Amino acid sequence: MSIEQEVEILRNIPLFANVEPAKLKLMAFASERMMFKPGQVLCSQGDPGDAAFILIDGQANVEVNTPDGPLTVATMQRNDIIGEIAILCDVPRTATVVAESELVTLKVTKDLFFRMVTDFPEMGVEVMRVLAHRLEAMNAQLLAARAGNA
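Here we summarise the structure given alongside this text. (Residues numbered from 1 in each chain as written. Predicted model: local features only at pLDDT ≥ 70, side-chain atom pairs only at ≥ 80, totals over all residues. Heavy atoms only, no water.)

### A few points about helix α4 (residues 110-119)
Turning to step 1, where the next piece is worked out: Of the positions making up α4, those classed as buried are L112, F113 and M116. For α4, the arc enclosing every buried residue in end-on projection is 100 degrees, short of the 170-degree limit, so these residues lie on one face. Turned more than 90 degrees away from the buried face of α4 sit D111 and T118, all of them exposed.
Turning to step 2, where the next piece is worked out: Of the surrounding elements, those touching the buried residues of α4 are α2 (21-30), β6 (81-82), α3 (84-89), β8 (103-109) and α5 (121-149). (Buried < 20%, exposed > 50% of the residue type's maximum accessible area, 1.4 Å probe, protein only. Helix = DSSP H or I, 4+ residues; strand = E, 2+ residues; numbered from the N terminus. Arc of directions from axis to C-beta. Contact = heavy atoms within 4.5 Å.)

### Overview of the pattern of salt bridges
Turning to step 1, where the next piece is worked out: Counted under the stated rule, the structure contains 5 salt bridges.
Turning to step 2, where the next piece is worked out: In this structure, R93 engages D50 in a salt bridge whose closest nitrogen and oxygen atoms are separated by 3.3 Å. Highlighted residues: R93 in the loop between α3 and β7 (96-99) and D50 in the loop between β2 (41-43) and β3 (51-57), separated in sequence by 43 residues.
Turning to step 3, where the next piece is worked out: The class of R93 is buried, set by a relative accessible area of 6%.
Turning to step 4, where the next piece is worked out: Since its relative accessible area comes to 45%, D50 is described here as partly exposed.
Turning to step 5, where the next piece is worked out: The residue D90 makes a salt bridge to K110 at a minimum N-O spacing of 2.6 Å. You can see D90 sitting in the loop between α3 and β7 and its partner K110 sitting in helix α4, a full 20 residues away along the chain. (Salt bridge = Lys/Arg side-chain N within 4 Å of Asp/Glu carboxyl O.)

### Considerations on the environment of L10
Turning to step 1, where the next piece is worked out: Assignment of secondary structure puts L10 in helix α1 (residues 3-11).
Turning to step 2, where the next piece is worked out: Exposure remark for L10: the relative accessible area of 0% places this residue in the buried category.
Turning to step 3, where the next piece is worked out: Considering only alpha carbons, one finds L10 and K107, 97 residues apart in sequence, at a separation of 12 Å.
Turning to step 4, where the next piece is worked out: If near-sequence neighbours (up to four positions away) are discounted, L10 is found in contact with F16, L24, A28, I54 and L106.

Dropping the structure here:
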C-alpha cells in the first residue's frame with residue numbers, strides 16, 4: 001500500500017478528517033505499518049503506553065483481566081483507534097488488545113500523536129468525543145451489569 005493510499009484511509013477516520021493531507025502524509029510516513037494474525041496481541045494490559053494503533057483493516061478485541069480470566073469489553077474495527085488512553089494519560093495500558101482477524105494497523109508513537117494533536121486542536125476535540133462515547137458506552141454496560149445482579 002502506498003503512502004497516498006494510507007493518507008486516504010486516514011482521511012476517512014473522523015479523528016483526522018480535518019487534518020491537511022500534507023500532515024497526514026507525514027503521519028503515514030512516520031508511522032509503522034504492522035500486521036497481526038488472529039490471536040496475536042497488539043499490546044497488553046499493564047504495559048507502558050508508548051503508541052496508539054489505527055486499524056486499517058480487520059478486527060481486534062479489547063480485553064481486560066478479571067479474576068475469572070480475560071473479559072472482552074469491545075471489538076474494534078477499521079478506522080478505529082486503540083491505545084490513545086495510555087498515551088494521553090501517561091498510564092499503563094488499560095486493556096489487552098488481541099487481533100480477532102487478519103489485522104493491518106498503523107502504529108503511531110506517543111511523540112507523533114502529541115505533535116498532531118498540538119498542530120491540530122480540532123483533532124484533540126475529536127479525541128475527546130471518541131473518549132466521551134466510550135465512557136458513555138462503559139457507563140451503560142455498568143448499569144446493565146448492576147441491573148442483572150440486582
